[in-house]
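Results of the structural survey
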Amino acid sequence: MSWLERLRDGLSKTRKQINDTAGFLGSDVRDVLTNRLDTIEDLEYALIAADVGRAATEEILDDIRRAEGKNLQDALMDALTLQLEPDAKRAEFRKLGFSPDARRSSVDPRGHVVMVIGVNGVGKTTTIAKLGQYYVDRGKSVMFAAGDTFRAAAGTQLGVWGERLGIPVVQGVDGGDPAAVAFDGAAARAARGTDLLFVDTAGRLHNKHNLMEELKKVRRVIEKADPNEPAEVWLVLDAVTGQNGLQQAKKFHEATPLTGVIVTKLDGTAKGGILVPIVRELGVPIKFIGVGEQPGDLQPFDSREFVRALFDVNIPRE
Ligand SMILES: Nc1nc2c(ncn2[C@@H]2O[C@H](COP(=O)(O)OP(=O)(O)O)[C@@H](O)[C@H]2O)c(=O)[nH]1
Ligand SMILES: [Mg+2]
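Residues numbered from 1 in each chain as written. Chains lettered and ligands numbered in written order. Predicted model: local features only at pLDDT ≥ 70, side-chain atom pairs only at ≥ 80, totals over all residues. Heavy atoms only, no water.

Condition: UniProt positions are given in the numbering used here, feature names are shortened, and annotations may be inferred rather than shown by experiment.
As recorded in an unreviewed UniProt entry, the protein goes by Signal recognition particle receptor FtsY and comes from Deinococcus soli. Taken from UniProt, the Sequence similarities (unreviewed entry) comment for the protein reads in full: "Belongs to the GTP-binding SRP family. FtsY subfamily." Listed under Function (unreviewed entry) in UniProt, the entry text for the protein is "Involved in targeting and insertion of nascent membrane proteins into the cytoplasmic membrane. Acts as a receptor for the complex formed by the signal recognition particle (SRP) and the ribosome-nascent chain (RNC)."

1. Some points on helix H12 (residues 243-255)
Selection criterion: In this description a helix means any DSSP run of H or I spanning at least four residues, a strand means any run of E spanning at least two, and both kinds are numbered starting from the N terminus. Expected helix span is taken as 1.5 Å per residue step, with the number of steps being one fewer than the number of residues. Only protein chains enter the calculation, and the probe is 1.4 Å; a residue is then buried if its accessible area is under 20% of its type maximum, exposed if over 50%, and partly exposed in between. In this description, contact between two residues means that some pair of their heavy atoms is separated by no more than 4.5 Å.
Helix length check: H12 (13 residues) gives 19 Å between terminal C-alpha atoms against 18 Å at 1.5 Å per residue, within 8%. All of the buried residues in H12 are Gly 245, Leu 246, Gln 248, Ala 249, Phe 252 and Ala 255. The secondary structure elements touched by the buried residues of H12 are strand E1 (113-117), helix H11 (211-225), strand E5 (232-238) and helix H13 (275-282).

2. What to know about the nonpolar core
One recurring pattern in soluble globular proteins is that nonpolar side chains are buried together. Note the threshold: To form a nonpolar core, buried Ala, Val, Leu, Ile, Met, Phe, Trp, Tyr and Cys residues must be joined to one another through side-chain atoms within 4.5 Å. These domain limits were set by an automatic method or by a database of domain assignments.
Ranked by size, the top nonpolar core spans 79 residues in total, and within it Leu 7, Leu 76 and Leu 266 carry the most contacts. In terms of residues, this core owes the most to one element, H11, which gives seven residues. Each of domain 1 (3-96) and domain 2 (113-304) gives at least three residues to this core. Those residues in contact with Leu 76 that sit more than four places away from it in its chain are Ile 18, Leu 25, Leu 43, Leu 47, Ile 60, Ile 64 and Phe 311. If you look at the next biggest cluster of nonpolar residues, it comprises 23 residues, including Ala 129, Val 142, Phe 144 and Ile 262.

3. What to know about the sheet that holds strand E3 (residues 169-170)
The strands that make up a sheet pair up through hydrogen bonds in the backbone, lying either parallel or antiparallel. The condition that has to hold: The criterion for strand pairing is that DSSP finds at least two bridges linking the strands in question.
Pairing in this open sheet of eight strands is mixed, and the strands run E3-E2-E4-E1-E5-E6-E7-E8 from one edge to the other. Of all the strands in the sheet, the pair left with one neighbour each is E3 and strand E8 (298-300). Relative to strand E6 (residues 260-264), E5 runs parallel, the two sharing five bridges. Bridge pairing in E6 places Asp 238 opposite Thr 264.

4. Considering the site of ligand 1
Put simply, the test is: For each residue, the test is whether any non-hydrogen atom lies within 4 Å of the molecule or strand; if one does, the residue is near. Under the rule applied, a polar contact is a pair of N or O atoms within 3.5 Å (in protein, one hydrogen donor and one hydrogen acceptor; residues adjacent in sequence only if both atoms are side-chain atoms). Amino acids outside the nonpolar list (Ala, Val, Leu, Ile, Met, Phe, Trp, Tyr, Cys, Pro) and the charged list (Asp, Glu, Lys, Arg) are all regarded as polar, and Gly is one of them.
Neighbouring ligand 1 are 18 residues; Gly 121, Lys 124, Thr 126, Arg 151 and Glu 293 lie closest to it. The separation between an oxygen atom of ligand 1 and a polar side-chain atom of Lys 130 is 3.3 Å. Take Lys 265: an N or O atom from its main chain is 3.0 Å from an oxygen atom of ligand 1. If one sorts the elements of the shell around ligand 1 by residue count, helix H8 (residues 124-137) sits on top with four residues. Along the lines of polarity and charge, the residues of the shell around ligand 1 split into three nonpolar, nine polar and six charged.

5. Some words on the pairing of strand E7 (residues 286-290)
Put simply, the rule is: With the strands pointing away from the viewer, any crossover whose connection runs clockwise from the first strand over the helix to the second is right-handed.
The buried fraction of E7 is high, at five of five residues. Relative to E7, E6 runs parallel, the two being bridged by three bridges. Pairing of Val 261 across the sheet is with Ile 286, part of E7. What joins E6 to E7 is H13, and the crossover it makes is right-handed. Pairing of E7 with E8, which is carried by three bridges, proceeds in the antiparallel orientation. Bridge assignment links Ile 289 to a residue of E8, and that residue is Gln 299.

Shown next as structure tokens:
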């Protein structure tokens, strides 16, 4: 199965929610607005149930009301795509009358060090392996720092990936100081002139430690080793967790301002709508999506592609 087919299957629950509640998706918007106003109401419920959020739902319905001449599904797809663009782009697209070729957000890190954060189990370590493969495939030199010293064997897990992918890994000791590993990694990267360093971090600490304080410390220490870094802080979120994940994201964003989000497990039974409030409420672009457990299962996020997969439109069959 192609990654788009896996994404489409992962989004089937959300798709069903929208299709079942709001029938008549094939109807003309004008016809719906004249004869089937309850369809708009049903659509409103469906979007909220899919975790799209109230503010975005209101804007989507407004955009649909202005889309006479299109069929309802096309109008909905355009409006949803727009919601997946960060603020500035959304305004620009509306002014221009919406460009159907919404672009991918840039995935070129602005500097050299990327801190990868998120709670345990969302897929941080696996995502770092995938990121390593992604950038190595594009000609970059890459290093990892195994900064999750709190979870037993997290360092080993990253070490195994590093060996498989031929990527050097700076290791600490289990139970040791995560900031020390981050410092060593950032210093080694600068000394070797490696293009990119991905720093793995803890997702949960033993009781006496506070995760957010620890992450701030890791950040400060990287800055000490290399003053313009970390250039990027990417939060990994698991799409299966829906609203809960959004609340986590806000807490992380307050502690360590995020520059990007990576949404994993979109091949599972994902809450597809949650991507909308992630973009809107955090104001942070989605950089990549994870669609499986293998190093190749990471794709740069493309809003239009995502919405097509959600509605099972134009998915090439393999
Ligand atoms: N299906 C699926 N599983 C994933 C994805 N990303 C990570 N995983 C799995 O999620 C589990 C936890 O991943 P891990 O990287 O250890 O999470 P961490 O605790 O955040 O470092 C592992 O079994 C991964 O294989 C994804 O995109 N899709
Ligand atoms: Mg991990």
